[in-house]
Each structure stands twice: as structure tokens, then as C-alpha cells.
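Letter by letter, the chains look like this.
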Amino acid sequence: MELIVSHRQLNFFLLAITRIVQNPVRDNVARITIILISLFSGLSICGAEVIQDDAPGVASAELEIDEATETVGESRASDAKKSNAVELEQHDSGPFFKNDAVIFGILMVILGLIFWTSNLEFPAVKLFYKVIPMLLVCYFLPSLLTFFNLVDHHDSQLYYVATRFLLPATLVLLTLSIDLKEIYALGPKALIMFLTGSVGVVVGGPLAVLAVAWIYPEIVGVDGPAAVWRGLSTVAGSWIGGGANQAAMQVVFMTPEPDAGVEVSGQLEDLYSVMVAVDVIVAEVWMFFLLMGVGFSKDIDRIFKADSSSIERLKTKMESFSARVTRVPTTTDLMVIGAIGFGATAFAHFTGAYIAESVQATITSAQVMVTGPDGNLIMGENPYGFLKDLGLASSFFWLIVISTAIGISLSFTPFRNYEGAGASKIGTVFIFILVAVIGMGMDIRALADHPGFFLIGGIWMAIHVGLMFFVGWLIRAPYFFLAVGSKANIGGAASAPVVAAAFHPALAPVGVLLAVLGYALGTYGAMLCAWMMQSVTPIAN
């Protein structure tokens, strides 16, 4: 579908927004929102008219680069080829907006309008946001930009910027005021629900393959170099840990043999692209229902007969600390907060890359060639190969771990008092930008192109969800533990703190810590899941 929009229509639309926001507002949040809308609307129009890309023959590097491209020793060109770009179809015409400055401005306008309208006192608006959580709207509206071909997220570098620059800073600022003692006092139920989520993914994969093989065996297919279970292994890595684990599964199960040929390599690349779509869309559908449940959490806790007093105690203590240190932030405060967040991000990038390079060097130096049965030299078993399987050769893995560790370390110092100047609020702004960018990458058109793979993903997710609710009911776990434990697996560091903050901003660090644990378990759990899926694949060799 080709969409034609004139500059006169754009100007009329922005004029309408300006008149709307000229109405008196009641609080600072709305005022800040108006400033953002005005600022980025101007940037969007200027960018659309002046700085559109003038060289259509020069494609961007497809930097929706997930952690798959962070393995050490690969060039940027190789990174782009292994990106999570899901090129499921070629459009006859390019997107209307191609410049990242314009796209970022549009996303900020969308976020600003959502936050502004959520503060309105109109009964219909209040009812809307009571039924549909604001966070969910922040995911959904950007996806319409992709659906209507206004933007092409494959050619945008915003995902790379959001995950490599904003996400680490967010983790630092959200954990800056963390109270580890109170989180420990939450008890074992949070950890149990997290591990239940991991088990649900591990057993759900082979059960979903079995179910679909019984109904539609042609979807699953037979075993081989480009077998479906190999692609599903990357989904398992993402759903238990995150992108670094997904990258490890791609290397382990989807690396073609040296003599495989171009055709097999192409099949593997196409399969991986589709599996990224399954990963993102199925996870976001579950996110929809998960966030819907936040508004009914008390009812669910009542059904589970759950005791949420420990959560309320943590929330109350964090609110009390925030109220005690709250002050009107000065320019110096804001600059120090920026220094903390992005200084830690710089240190994590530098240190993480160094550690990852050292791990990769250790793996490479231990690789030896041995003589095979036919007399030819082949690679022998590498004694340190498991380090790469764990994702320890990925700089992104270390980026997340080091950023979180810095935030936790600073929580024991006077720097935690910068929470009173708005450290977590700035972190929340960053994470909502990340949410919008992720939402923009959710191309729902993929559902129509590959329904069979989405059927597998849907059954798989249903098993995970069913197990989570059963164990939650069995141990009387609060819905908060169920929701955060699930998203710490299916979503990782980018989603778990968002879901936790949907209950209350003070609870975001719980999601951060569980997500980091997911990175540690993701590779082994995904490998076990992959082997089980291979064993149940029809006519598996």
C-alpha cells in the first residue's frame, strides 16, 4: 500500500496539535509533554523537507542489530548480514519517512501525546487508559508506522542506539537507588516464578513442535541443514535469556557447513529472519495480555490467595526514600545524572569489549586441528568452546552485566541520593523511547506470510503461560512475580523493568536483576530445548 501525504496535510496536522496543547494544563508532566511535542514536531517537518536521504543507492547498514551482531571479531558488514532485520517481503515503494531524525521525532510526538492524554480528566479517556494500559499503547502505535509503510525499521539505526546507548544508562539509573536487602526480603517466590518461566520455554518448544507435527506435519518438515527446529532454537535463546543467547544459538545450530553451498546458507538466513518475527510478535502479544492483567492484579492475587505484603513493603520503603531525598533538580543535578548514566555506559562498552575480545582470543588460541578418519585435517574439540556457548564472547552480554553491576554498586554510595533529583524518571524516559523503537519493529504483516511458524510460537507461548499460572496458583505467588518472572525470560533486560514499573516505578530493579539472571541461564536452557525439538521432529536423522 502506497501512502501519499502532502506537506500541507502535515502542516495542518501539526497546527491542530498546537491548538490542542495550547489549552491550560495542570501539572509539570503535561507542560514537559507540550514542549516535547512542539520541539520534535518542528524537527520532524524540517527533517522531512530538508534532510531526507538524497542517495537512494546507499543503503544503511540495517542496524536493527540485536545482540547477534555483537560477537567479537566480526566486521560491521558481517554484523549487518546477521542482524535481526526481518525482510519478509519487498515493498514496491519505499517508506515515506527514511531519515532517523524524522522517525525519532515522530516517536517522541507519539509518546508525548500518549502521556499528555493519559493526564486528561475526560471520563472516556480515563476509561480508555484504565482498560488499555498506557505502556501497551506505547508499543502498539509505533507499530502502525511500519504497518502503513510510513517507516522501514530495517533501515533505521534507532534500535541500535536505543539498545546500546539508552538501555545501559537506563539500567544504571533504575538500579541506582536499589535496596538489595528489601529485594532479598521478597522471598523465594520471585526466583521460583522466574525459573518456572524458563522451564516453560524449555518444555514448551518440543511440545509445540509435537502438536503442530501431529496436525500439520508439512509445517515442521524433516530434519536437515535448514530444519525448522534449528530456527526455533534461536527463539528459545531469546525467550529464556535475550539477544546474546539468541546469537549463541544461531552460531551453534544455524551455521552452515563449509561445503553446504549458497542455497543452504540462503535457506538458513531466510529461516532466521522469520524466526525473529515469531520471537518479537508472539512475545508482544503476550505482553499485551500481561499488561492488561496489571489492572486486575489484585483480583488475580485474591484468586491465588497470594500475600503481596512484601511487595507493598518494598514499594512503601522506596517511596519513603524517594520522598525523603526529593528536591527540585538543578542543572548541575541533571548533568551529574547524565554523567552517571552515560559515563557508566561508556565504561561498560569499553570494559565489555575488552573482556569479550579476551574470551574470544582464549577460545581461538585453544583451537587445534586434528587428523580425521579420512586423513584430512579437521577442527578438534575446543576445551574453551563452552565460553562462547554461554555468550561470554559477546560484548553486549558484558554491556548489560557491567551496567547493572555499576548501578548496584553505586546504590551503596551517596550517589543513590540523586534519585531525589529524578534519576529514575530520566531512566524511565529512556526506557519508553526503547519501548517505542521496539514497537516500531513489530511488523504484524508477517503473520499472514508465515502462519504455520506463528502457530508453533503461539502454542509454545500458551504452554509457558499455562505453567506460569499453574505454579503461581500452586505456591500462591502474587501476580507481580508471575508477570516479572515471565518477562525476565521473554523480553529480558529491555522488557522486564518496564513490566515491573507498570506496577510501580520503585519495583523496576526487580525486573532488572531477574533479567540478568536470564542471560546466565539462557544458552544452556535453549540448547536443551533445541535438542528436545530435534528429537521430536518427524523423521529426524
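That block above? That's the structure.
Small disclaimer: the values here were computed from a predicted structure and weren't measured.

Enquirer: Explanation requested: a nonpolar patch on the surface in the structure shown.
Expert: On the surface, a nonpolar cluster with roughly 470 Å² of combined accessible area is contributed by Trp214, Ile215, Tyr216 and Leu455. Tracing the sequence through the fold places Tyr216 in the loop between helix H9 (189–215) and helix H10 (217–220). Exposure remark for Tyr216: the relative accessible area of 40% places this residue in the partly exposed category.

Enquirer: Help me understand helix H11 (residues 228–240), please; the structure alone is not making it clear to me.
Expert: Because each turn of an α-helix spans 3.6 residues, side chains separated by three or four positions end up pointing in the same direction. With 13 residues, H11 should reach 18 Å at 1.5 Å per residue; the first-to-last C-alpha distance of 19 Å fits that figure. Most of H11 is tucked away, with 13 of its 13 residues classed as buried.

Enquirer: I'm lost on the packing of helix H21 (residues 451–475) against helix H22 (residues 479–489) in this one. Help?
Expert: The description of two helices packed together rests on the angle between their axes and the distance between the axes. In the contact formed by H21 and H22, the axes pass within 10 Å of each other and the chain directions differ by 150 degrees. Classed by the angle they form, the pair H21 and H22 counts as roughly antiparallel. Here H21 runs over H22; the crossing is right-handed. Where H21 abuts H22, its residues His464, Met468 and Phe469 lie against Tyr479, Leu482, Gly485 and Ser486. Looking at the contact of H21 with H22 residue by residue, the class counts come to 4 nonpolar, 3 polar and no charged.

Enquirer: Explanation requested: the pattern of salt bridges in the structure shown.
Expert: Two side chains that carry opposite charge are able to pair once their charged atoms sit near each other. Evaluated as defined, the whole model comprises 3 salt bridges. Two residues, Lys126 and Glu121, come together in a salt bridge whose shortest N-O distance is 3.8 Å. Here Glu121 falls in the partly exposed class, since its relative accessible area comes to 49%. Arg302 is the partner of Asp299 in a salt bridge, and the nearest nitrogen-oxygen pair spans 2.3 Å. Of the two residues, Asp299 and Arg302 are both situated in helix H14 (residues 297–304); the distance of 3 residues between them amounts to about one turn of the helix. Residue classification places Asp299 among the partly exposed residues on the basis of a relative accessible area of 35%.

Enquirer: Mind showing me how you'd approach the packing of aromatic side chains here?
Expert: How two aromatic rings sit relative to each other is given by the distance of their centres and the angle of their planes. Evaluation of the coordinates by the stated rule reveals 14 aromatic pairs. Between Phe115 and Phe432 the ring centres are 5.1 Å apart and the planes differ by 80 degrees, which places this aromatic pair in the edge-to-face class. Linking Phe115 in helix H4 (residues 100–118) with Phe432 in helix H19 (residues 423–440), this pair joins segments that are 317 residues apart in sequence. A relative accessible area of 23% means that Phe115 is categorised as partly exposed. Judged by its relative accessible area of 13%, Phe432 falls in the buried class. For the ring pair Phe470 and Trp473, a centre distance of 6.3 Å and an interplane angle of 40 degrees mean the geometry is tilted. Taken together, the residues span about one helical turn, with Phe470 and Trp473 both in helix H21 at a distance of 3 residues. A residue is classified by how much of its surface remains accessible, and Trp473, at 47% relative accessible area, is partly exposed. Through a chain of ring-to-ring contacts, three or more aromatic side chains come together here, namely Tyr479, Phe480, Phe481 and Phe503.

Rules behind the numbers
- Residues numbered from 1 in each chain as written.
- Predicted model: local features only at pLDDT ≥ 70, side-chain atom pairs only at ≥ 80, totals over all residues.
- Heavy atoms only, no water.
- Patch = residues over 30% accessible without salt bridge, like charges linked within 9 Å, V, L, I, M, F, W, Y side chains within 5 Å.
- Areas by Shrake-Rupley, 256 points an atom, 1.4 Å probe, with all protein chains shown as cover.
- Salt bridge = Lys/Arg side-chain N within 4 Å of Asp/Glu carboxyl O.
- Helix = DSSP H or I, 4+ residues; strand = E, 2+ residues; numbered from the N terminus.
- Buried < 20%, exposed > 50% of the residue type's maximum accessible area, 1.4 Å probe, protein only.
- Expected span 1.5 Å × (residues − 1).
- Axes fitted to C-alpha atoms, helices over the stretch in contact; angles between N-to-C directions.
- Parallel < 35°, antiparallel > 145°, perpendicular 65-115°, else oblique.
- Left-handed = near helix turned anticlockwise from the far one by under 90°.
- Contact = heavy atoms within 4.5 Å.
- Nonpolar A, V, L, I, M, F, W, Y, C, P; charged D, E, K, R; others polar.
- Phe/Tyr/Trp six-rings, centres within 6.5 Å; stacked < 30°, edge-to-face > 60°.

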